[in-house]
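Chain by chain, the residues:
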Amino acid sequence: MRRVICTAGTLGALSVVVLLGAACGGGSPPPPKVGVTHSTMDAGASPVVATSPPLTHERIDALLEEEWKKKGVTPSRPADDATFLRRLYLDIVGTIPEPREVAAFAADTTADKRARKVKELLASQAYATHFMNYWDDVLMGREARANIVDRNAFRAWLGKSFRENKRWDALVRELVSATGQNTHGGPKSRQLSAMPMVQAPEDADTELLGLNAAVNYSLRFQDAPQDLAGTSSRVFLGVQIQCAQCHDHKTEAWKQEDFRSFASAFLHLRPKNLDDGKMNGEVRKIELMDFRAVFPRLEKNPETAPIARAKATALDGTDLEKGDGTRRALADWMVSPKNPWFAKAIVNRMWGHFLGRGFVDPVDDLRPSNPAVAEPLFDALATDFAQHGFDLQTLITQIVSSRAYALSAQKKEGAGAASDPDNQLWGRFHLVPLGPEELLNALVRATNVDEAARRAGVQNLPELRSQMARSFSFLFDVDEEADTSDYEGTVTQALTLLNGNLTGYGSRAIPGSALTTVLAAKSSDADVADELYLRVLSRPATPEERAAVVDYVQHATTGGAGTAGQASPLTSGKKPKRADKRPDPLNRLGNKSRSTQDPRTAAFEDVMWALLNSSEFLFNH
Amino acid sequence: MSIYNRRQVLRFGASAMVGAVLSRFAIRDALADDVVPGSGSGSAPPAIAGKAKAVIVLYMNGGPSHIDTWDPKPGAPTGGPHKAIKTRTTGLQISEHMPKLADMSDKLAVIHSMSSKEGNHQRAQYLLRTGYAPNPTVIHPSLGGWVSKKLGEPKNGLPAFVSLGGPSLGAGFLGVQYGPFVLPKPGLPANVTYGVDTDKPRFERRLGLLDTMEQRFSQSTGDAKVEGRRALERKSVALMHTPDLSAFDLSTEDATRLATFGDTDFGRGCATAVRLVEKGVRCVEVMLDGWDTHKDNFNRVKTLMGTLDAAMSALITELSRKNLLDSTLIVWMGDFGRTPRINGNDGRDHYPQAWSTVLAGAGIKKGQVYGETDANGEKVTKDLVTVPNLAATIATVLGMDPTESFLSPVGRPIAITDSGVAIKALLA
């Protein structure tokens, strides 16, 4: 028996529902009105009753302090305001603070200024954009599949979800059980340009009309439902069930049959092509539907055939073939407050995002043979999260209000330093290299290079940003989910910062650039130094640093060191043909006639360049 | 089988070198000396156990038709319009559009009996490049990742693993430092020359300023990651200034010789590969895209074979002329084969059941065909080769033990190949 759970016909009528990102259900009534979040109308979710007040940061601190005591860890001193503010910006909104924000925060003497700042940042559009980028990366990776995946629409859907602070259970339910249309079509190239971390367009929401863009997550795994199952289990439950795909593992709990039964729930989804004829260069319009029967193609595929033969079953043995479709049953089971993995997986991931290491590391590998540290705190946070409505912003507030999040990154010497050599208990703040999104945002904010480009005649600034983002994300392939004690970076990344246009033009004293603005506003060398530190490192210079800059600039001014001239180390004279001939969007800033002839200005360009290449700038610390 | 955990080694390194400023590279060198016989970091020249010191992978993106290239079926209903030509190798005919390669069949080992289960591009590319079926619980290193981990970097500052014409696959759980140095096109890499308004004295002044800032931050945090970053920066500066960087620059190549590679990016990539291997690079991938011929298969494959024939034959000739062919393994492979059945658009679709790969160069018993398919090119009828077994054969030639395991970040031992066993008949 085949039953179409969601048809194109119902889609039009329910476009408002779909706009909300809700999966359209066969039997369930349409939701009452726009603005109601999905979870409140879900029949499957148990009503959440907060039986106790939310976990306070005092309680969180007390639980962690007990662990420190047990292990003999002496926590480092608290971080200063400027360091804390920079951390908060990078982690919540993915960029560094403006100099005036640093100054205002320093001047604020009220006791609750940190709490108010957290609230302010969580309420901003930038928070939604940052977490849209984070989850787009986690869920979609670097693959394009632009012929069937509408990355723009998917990102808009994520952005909207975070802007509305959609409950985590609702968001996951929508992703796992999504049916509906993926895209309005359009050129593939548009999708490719959307891949990196470009700001969501203001009008993105209207693009979602008539769609359920959440289906794009499932479409990413078209023809590979075993990977959809494996990724969903890993990301939403922290259970790496797909380890058991090939054979039973001697020491792990999951058997091959468990994986097949779990993955079987994803074999009932089927794409229906909504386009006629050839769609060269276009994103295909597809409607994703659930069927009772397994898609015949998957029964024949040697990889998926054994999965097709298995009975869809959740990890605890719950039968998923009763009721309203296997994916809906799976989603119900997955997001239930009784599910032992669901709340823990997201709490661990978020704690890891903010503190640099999860209770369990890597963040997506919860299993008995990989035990958690600070288990009482982990349990308390997860229980609290489930009891208080799976509210991500509450969870984030709890994490960043903790004592651990406010500690200095400074390594301690002497007694207690050796008790936790890998810093598993966050006795000091973990140094984390900025990811591509944070780094690009921070570079643009520190240099004002986009304003300089505008002054130089670049018309389409969003396109400029998108191009910069693309050329930047290409450089990174960082696995940020695991804590490593050594720095992992590539030569290509380092070369881009040493010699690339973003730092090169960004440190130039050209109209509109940060350096030009600072030089115009401040007259003394010491004041310029201070302002540059504030802009790039989000703190004032120390007296020694200020003196060193002043010394460097004065030496350059009197010493008469040249500014530019010779070409590369490799060739004398003409520049050799470069491999990457894609036009650089910043080339408009490369006009030689703009080179400064003033030794003092050139010396400050050097300072700016060095700040942009410094580890203090390139790490979240 | 040596199993070690990167982080355990790091911890060991830290306690063994108390007070020393630790760089990731120092640790890696110490570690490499431990596990790799004579890795490039010591003072002795590298003694590689395998026959090949380097590998060049010619990757045919999209999945090349086996019947239209290395395993023609003239006269069969599936054969298509192209003719086959004889070679000196017993039992081997190849497409008429690869005459130069046909002429040097004595330098090739052609495998007709590849078979896999992966008919989806992403999954198949992952399988071919890593030797493992994809599994979201661990990211396996690609061949180049293993090679740069096991054989080490050249001392002249060039990267161990270069990918020309990407996209490539990285080093997975081994860490990004073992991943490919990716060039979208052959030529001098981006950003190896001084940036805007900068010459050598200014660059050095800037590095001096930077160094002061770095020292301060390194001291105040005491974190090994900062030293790791500084080491990476030094390595990048060294790459900028190594004279061997000119290996990337084909403008110094003999024009007549360069012309034999063909006027294509793939040809220039192959010419660059020779120059890089000559300067100690361990793994070079060169990509030839466009084999996903669901439509208009025969015209498109003909063009692609023209590109391939010139470039691959010139690659072999040039390696031989430079006495590098005996120490360099060449691997030709793509995602999968294509359907023997010709579809309504004159195309062929994905076909993982039976397809071909080619090995040449160091350590390979050449002038042979290994395995066979049936009259229509639909089924492997003799000596089926799995991708893990191909990977094990490649690893063995490079002196890597296919069963050697490394611990992934979650502490699972992952072997260099997925239980692959080298195929003896292919080894010299």
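Residues numbered from 1 in each chain as written. Chains lettered and ligands numbered in written order. Predicted model: local features only at pLDDT ≥ 70, side-chain atom pairs only at ≥ 80, totals over all residues.

Student: Tell me about the overall build of chain A, and please be specific about residues and values.
Tutor: Check the secondary structure of chain A and you find 30 helices and 5 strands. When each of the 621 residues of chain A is scored for burial, the buried share is 53%. Within chain A, residue pairs in contact and separated by at least 24 positions form 74% of the contacts whose partners lie at least 6 positions apart. (Helix = DSSP H or I, 4+ residues; strand = E, 2+ residues; numbered from the N terminus. Buried ≥ 20, exposed ≤ 12 C-beta atoms within 10 Å, placed from the backbone. Contact = placed C-beta atoms within 7 Å.)

Student: How would you sum up the sheet that holds strand β5 (residues 161-164) of chain B? Please name residues and give values.
Tutor: Residues and elements named next belong to chain B. Ordered in space as β6-β5-β7-β1-β8-β11-β4-β12, the 8 strands form an open sheet in which the pairing is mixed. Two strands in the sheet have a free side with no partner beyond their single neighbour: β6 (181-183) and β12 (368-370). Put simply, the sheet's adjacent strands are angled 15° from each other on average, direction ignored. Pairing between strand β8 (residues 328-334) and strand β11 (residues 355-361): 4 bridges, direction antiparallel. Its bridge partner lying in β11, W332 is registered against V358. Relative to the sheet, helix α11 (residues 387-397) contacts β1 (54-60), β4 (108-114), β8 and β11, its axis offset from that of β8 by approximately 165°. (Pairing = 2+ DSSP bridges. Axes fitted to C-alpha atoms, helices over the stretch in contact; angles between N-to-C directions.)

Student: Lay out the nonpolar core with the relevant residues and their values.
Tutor: Ranked by internal contacts, the top residues of the largest apolar core, which has 171 residues, are A:A213, A:L330, A:M334, A:V347, A:L532, A:V607 and A:L611. The contacts of A:L330, once residues within four sequence positions are left out, are A:V176, A:A265, A:A314 and A:L320. Membership of the second largest hydrophobic core comes to 114 residues, among which are A:L498, B:L92, B:A231 and B:L398. (Core = buried A, V, L, I, M, F, W, Y, C linked by C-beta atoms within 7 Å.)

Student: Talk me through the interface of chain A and chain B; I want residue IDs and the actual numbers.
Tutor: At the interface, 73 residues of chain A touch 70 residues of chain B. For the side of chain A that touches chain B, the secondary structure elements donating two or more residues are α13 (225-237), α24 (491-499), α25 (501-506), α28 (543-559), α29 (599-612) and α30 (615-618) of chain A. If one sorts the elements of the side of chain A that touches chain B by residue count, α24(A) sits on top with 7 residues.

Student: Before we move on, could you go through the environment of A:A453 and cite the residues and values that matter?
Tutor: All names here are of chain A. Tracing the backbone shows A453 in helix α22 (residues 449-455). On the neighbour-count criterion, A453 (25 C-beta atoms within 10 Å) is buried. Spatially, the C-alpha atom of A453 lies 23 Å from that of V528, the residues being 75 residues apart in sequence. For A453, the residues in contact, after removing those within four places along its chain, are V458, L464, L586, R588 and L589.

Student: Give a detailed account of the pairing of strand β7 (residues 283-288) of chain B, specifying residues and quantitative values.
Tutor: All names here are of chain B. Among the 6 residues of β7, 6 are classified as buried, and the element is accordingly described as predominantly covered. The alternating pattern of β7 places C283, E285 and M287 and V284, V286 and L288 on opposite faces, both of which are buried. Looking at chain direction, β1 and β7 are connected through 6 bridges and run parallel. Paired with L58 across the bridge in β7 is V286. Direction of pairing for β5 relative to β7: parallel, over a ladder of 4 bridges. Paired with V162 across the two strands is V284, which belongs to β7.

Student: Describe the sheet that holds strand β1 (residues 180-181) of chain A, with residues and values.
Tutor: All names here are of chain A. As summarised here, the arrangement of the 3 strands in space is β1-β3-β2, forming an open sheet in which the pairing is antiparallel. At either margin of the open sheet sits one strand with a lone partner, and together these are β1 and β2 (269-273). Alignment of β2 against strand β3 (residues 286-290), held across 5 bridges, turns out to be antiparallel. Directly across from K272, in β3, lies its bridge partner E287.

Limitation: the analysis is restricted to geometry and does not speak to function.
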